[in-house]
Amino acid sequence: MQLINLKSKALWSGKFTELKSKLEELEVQKCMYVTQQKRTTLKEMPRVEALIFDAWNSLPDCYSEVKKLAFGVLTIFGSTYSCEQASLA
């Protein structure tokens, strides 16, 4: 029910449209810095994961179940190690 309620609110479109724009802008900046060989600047850029978690954390507490579900999906693998091992088996 929380997901349906969230999707129908401007809150959903506002926060996640803004997140999408930030992620796209970040990718453009990364590409620009790579072509200019500015590796130190790349290290100073915000991490994609942090931006995603910040967007979900900024939702009001009334969407706690949706936030739990999102964090569960976002943190399935702490690294790609388990995923890579599964594909080799």
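You'll find the structure just up there.
Predicted, not measured: the structure shown is a model, and the values here were computed from it.

K.L.:
An account of the overall build of the protein is needed here, citing residue identities and associated values.
P.N.:
The secondary structure content of the protein amounts to 6 helices and 0 strands. Helices and strands appear in the protein in the N-to-C order α-α-α-α-α-α. When burial is assessed residue by residue, the protein has 16% of its 89 residues classed as buried.

K.L.:
Explain the packing of helix α4 (residues 48-57) against helix α5 (residues 64-74) to me, using residue names and the numbers behind them.
P.N.:
Remark: α4 packs on α5, axes separated minimally by 10 Å, with the N-to-C direction vectors making an angle of 165°. Comparing their axes, α5 and α4 come out roughly antiparallel. In terms of crossing hand, the pair formed by α4 and α5 is left-handed. Contact residues: α4 offers Ile-52, Phe-53, Trp-56 and Asn-57, while α5 offers Val-66, Lys-67, Ala-70, Phe-71 and Leu-74. Counted by class, the contact of α4 with α5 contains 7 nonpolar, 1 polar and 1 charged residues.

K.L.:
Talk me through a nonpolar patch on the surface; I want residue IDs and the actual numbers.
P.N.:
Together, Leu-69, Val-73 and Ile-76 line one region of the surface with nonpolar side chains, adding up to about 310 Å² of accessible area. By the secondary structure assignment, Val-73 is in helix α5. On the basis of relative accessibility, which here comes to 53%, the residue Val-73 falls in the exposed class.

Calculation rules
Residues numbered from 1 in each chain as written. Predicted model: local features only at pLDDT ≥ 70, side-chain atom pairs only at ≥ 80, totals over all residues. Heavy atoms only, no water. Helix = DSSP H or I, 4+ residues; strand = E, 2+ residues; numbered from the N terminus. Buried < 20%, exposed > 50% of the residue type's maximum accessible area, 1.4 Å probe, protein only. Axes fitted to C-alpha atoms, helices over the stretch in contact; angles between N-to-C directions. Parallel < 35°, antiparallel > 145°, perpendicular 65-115°, else oblique. Left-handed = near helix turned anticlockwise from the far one by under 90°. Contact = heavy atoms within 4.5 Å. Nonpolar A, V, L, I, M, F, W, Y, C, P; charged D, E, K, R; others polar. Patch = residues over 30% accessible without salt bridge, like charges linked within 9 Å, V, L, I, M, F, W, Y side chains within 5 Å. Areas by Shrake-Rupley, 256 points an atom, 1.4 Å probe, with all protein chains shown as cover. Salt bridge = Lys/Arg side-chain N within 4 Å of Asp/Glu carboxyl O.

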